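# An overview of the molecular structure
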Amino acid sequence: MSYEVYKMIHVVSIVIFFALFAAAAYSQKNEKREKILTGVFLLLILVSGMGLLARIGIQHGVAWPNWVRAKLTIWLVVGVLGHMMMKRFPQHAVKSFWGSVGLLTLASYFANFKTLF
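To start, this report covers the structure provided alongside it. (Residues numbered from 1 in each chain as written. Predicted model: local features only at pLDDT ≥ 70, side-chain atom pairs only at ≥ 80, totals over all residues. Heavy atoms only, no water.)

Moving on, we get to the environment of Gln91. Relative to the helices and strands, Gln91 is located in the loop between α3 (66–88) and α4 (93–113). Residue Gln91 is classed as exposed on the basis of its relative accessible area, which comes to 56%. (Helix = DSSP H or I, 4+ residues; strand = E, 2+ residues; numbered from the N terminus. Buried < 20%, exposed > 50% of the residue type's maximum accessible area, 1.4 Å probe, protein only.)

Okay, structure coming up:
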């Protein structure tokens, strides 16, 4: 697939993931369907992100640049922390959502400028 197709899948998956995350955080419901869908979109974000890395020339088997490692860490935190906060601390779900939006902004910076500040 082309760079543009991977980018489109990546961005649309991020938007849908955060829409589902916001809906779950604000509704205070603990629905299994939302957890499954956010997991599916996290997987799409990961797969399309790896496709984008391949398209910009980062080869398989070589060390990733630090900005890629930082983005992967951010998405791991957003994915795990979001689900954990929804289940164990539902009273903090909205705060967790807005914290994740901040992390999304940081991850977007890393992706656009290909650097760590």
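Moving on from the coordinates now.
Attention shifts here to the nonpolar core. By size, the foremost hydrophobic cluster in this structure holds 24 residues, and its most contacted members are Phe17, Phe18 and Trp75. Those elements that provide at least two residues to this core are α1 (3–27), α2 (32–55), α3 and α4. Among the elements that take part in this core, α1 stands out by supplying 8 residues, more than any other. Ignoring sequence-local partners within four residues, the contact set of Phe18 consists of Trp75, Val78, Phe97, Ser100, Val101 and Leu104. (Core = buried A, V, L, I, M, F, W, Y, C linked by side-chain atoms within 4.5 Å. Contact = heavy atoms within 4.5 Å.)

With 24 residues, α2 extends 35 Å from end C-alpha to end C-alpha; this agrees with the ideal 34 Å at 1.5 Å per step. What α2 keeps buried is the set Glu34, Thr38, Phe41, Leu42, Ile45, Ser48, Gly49, Gly51, Leu52 and Leu53. Those residues of α2 that are buried are in contact with α1 and α3. Two residues or fewer after α2 comes Gly57, characterised by a positive phi angle close to 100°. (Expected span 1.5 Å × (residues − 1).)

Another aspect to go through is a nonpolar patch on the surface. A grouping of Leu43, Leu46, Val47, Met50, Trp64 and Leu72 is seen on the molecular surface, where their side chains present a nonpolar patch of about 490 Å² in accessible area. With 4 residues, the single largest contributor to the nonpolar patch is α2. Structurally, the position occupied by Leu46 is in helix α2. For Leu46, a relative accessible area of 38% puts it in the partly exposed group. (Patch = residues over 30% accessible without salt bridge, like charges linked within 9 Å, V, L, I, M, F, W, Y side chains within 5 Å. Areas by Shrake-Rupley, 256 points an atom, 1.4 Å probe, with all protein chains shown as cover. Salt bridge = Lys/Arg side-chain N within 4 Å of Asp/Glu carboxyl O.)

A word on the layout of surface pockets. Size it by volume and the largest pocket reaches roughly 590 Å³. For the lining of the largest pocket, the elements supplying multiple residues, two or more each, are α1, α2, α3 and α4. Residue composition of the lining of the largest pocket, grouped by class: 19 nonpolar, 5 polar and 3 charged. (1 Å grid on protein atoms, 1.4 Å probe; cavity = no way out; pocket = protein on both sides within 12 Å on 5 of 7 lines; lining within 4 Å. Points joined across faces, edges and corners; volume = space filled by probe spheres on them. Nonpolar A, V, L, I, M, F, W, Y, C, P; charged D, E, K, R; others polar.)

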